[in-house]
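Listed below, chain by chain, are the residues.
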Amino acid sequence: MRITLERSNLLKSLNHVHRVVERRNTIPILSNVLLRSDGASLEMKATDLDLEITEATPAQVEQAGATTVPAHLLYDIVRKLPDGSEVLLATNAEGTAMTVQSGRSKFSLQCLPQSDFPDLTAGSFSHSFRLKATDLKMLIDRTQFAISTEETRYYLNGIFVHTVESKGELKLRAVATDGHRLARADVEAPSGSEGMPGIIIPRKTVSELQKLLDNPDLVVTVEVSDAKIRLTMGSIVMTSKLIDGTFPDYQRVIPANNDKELRVDCQSFAQAVDRVSTISSERGRAVKLALNEGQMTLTVNNPDSGSATEELPVGYDHDPLEIGFNAKYLLDITSQLTGTDAIFMLADPGSPTLVRDLAAEDALYVLMPMRV
C-alpha cells in the first residue's frame, strides 16, 4: 500500500474512528485501525466488537492495499504533524511495518495482518428509514443524561427507541431512565420506521453518535434489526450491537393525575438551585423546595458546613407543599429545557413529579423526589 493524503482529511477521519478503540485491550488487533485503500480513497475502520465505525476519505492511491496499525498511536502522530501538510502512508514489502512520512518527519509503525481484523457488519436489517440529523441529535440530547450507569441493570444502560401512536400520529420516541429520573422525547416517525422492533442503543454508541451529528444539513440513514443498528452519515458508517434486554414499561411511572402546577423561570431557577447546592458536600444532596402562593424557598442543609436558602417568585396557587429533589438531577433536567419557563406538575412529597418544557411539547421529564 502506498498513498498520499491531506493531513486535515486524515486527522478528521481518524478522530471519528479512533475513539471507538479502548485504550487497554487484551486482544492486540482491537487496538488497531484497519486501513484499506483503493480507487481514490482510504477507508478506515475501528471496532471494540460491540461498536464499529468506518469512514472513507479522499486519497491519492499509488498502490492499493490494506493493513492495520495502532489506532491511538497513528492519531497522535497525525495530530502533531504541521497544519496543511501532506502525509505519505506506505507499507513494506512483507506488510509488517508502515511508514508515516510528512515533510522531514518519518515514523515506522508495526502492522498486524488485515485478515485478523474482526467484522461486525454481517447480518440483514429488517427496517430502514431516513432521519434528519437535527431530529436524531434532539432525541439523543434530550434523553442521554438519564441513561443509567448501573451495570447490574444493563437494560437501562442505553436509550430505548421505538415507534408509538400519540394523539393520532405515529412518533419515533426515545426514552432513558436510571430509576431516579426519566427523559422522553418524540419526533415525527419517518417513513419506513413503522413496525420496527423496540431497540436499546448502548451508552457508548449514543455518546459516539452524538459527536458525529455535528452537521445540521445531514440526513442519516438508519437500519435496524433485533440485534444491531447501522447508521450512515455521509462518508461515515456506524454499526453497533444493541442491548439484549427488555426495557421496563416506562408509561407506568409517568404520572397522569398530578394536579398542582408550578411555573418557574428556567434560568433563575437553575441558578438558584446551583447557588444553594454549593453548601452541600456532594452535588447529589437534596435541595428542599417549600412552595407557597407565588413564592418558592429553596433550602439546603449540610450538618458539616451549614445551610443555604434562597427565595424565588414563581407561578403557584395551590396548598403549601414541601418537596425535596436531588440538586444535580434538577440541574440536568433544566439544562435540557429550551424555553424560558418550565412547568412542574406536582402531587405530594412522595410522588414522582412531571416536568414539561413550554417551548418543546415533544419532550417530558419525570423526577423522583428525595426525603428532606
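Up top is the structure.
Residues numbered from 1 in each chain as written. Predicted model: local features only at pLDDT ≥ 70, side-chain atom pairs only at ≥ 80, totals over all residues. Heavy atoms only, no water.

So, about the environment of Asn 301. Topologically, Asn 301 is positioned in strand β20 (residues 295–302). Sequence spacing of Asn 301 and Val 276 is 25 residues, and the spatial spacing of their C-alpha atoms is 9.2 Å. Excluding anything up to four places from it in sequence, Asn 301 contacts Arg 285, Gly 306 and Ser 307. (Helix = DSSP H or I, 4+ residues; strand = E, 2+ residues; numbered from the N terminus. Contact = heavy atoms within 4.5 Å.)

Glancing now at helix α1 (residues 7–18). Given a rise of 1.5 Å per residue, 12 residues ought to cover 16 Å, and the 15 Å separating the end C-alpha atoms of α1 matches this to within 8%. Within the span of α1, buried status applies to Arg 7, Leu 10, Leu 11, Ser 13, Leu 14, His 16, Val 17 and His 18. (Expected span 1.5 Å × (residues − 1). Buried < 20%, exposed > 50% of the residue type's maximum accessible area, 1.4 Å probe, protein only.)

Reading across from one edge, β6-β2-β3-β4-β17-β16-β15-β10 is the order of the 8 strands in this open sheet, with antiparallel pairing throughout. Taken across any chain shown, the strands that pair with only one partner, and hence form the sheet edges, are β6 (65–70) and β10 (127–132). The mean angle between the axes of side-by-side strands here comes to 15 degrees, regardless of whether they run parallel or antiparallel. Its contacts with the sheet place helix α3 (residues 133–143) against β10, β15 (219–224) and β16 (228–233), and it is angled at close to 95 degrees to β10. (Pairing = 2+ DSSP bridges. Axes fitted to C-alpha atoms, helices over the stretch in contact; angles between N-to-C directions.)

Turning our eyes to something else, we now look at the side chain of Asn 302. Structurally, the position occupied by Asn 302 is in strand β20. For Asn 302, a relative accessible area of 4% corresponds to the buried category. A distance of 3.0 Å separates a polar atom in the side chain of Asn 302 from the backbone oxygen of Ile 279. (Polar contact = N/O pair within 3.5 Å; in protein donor to acceptor, adjacent residues only side chain to side chain.)

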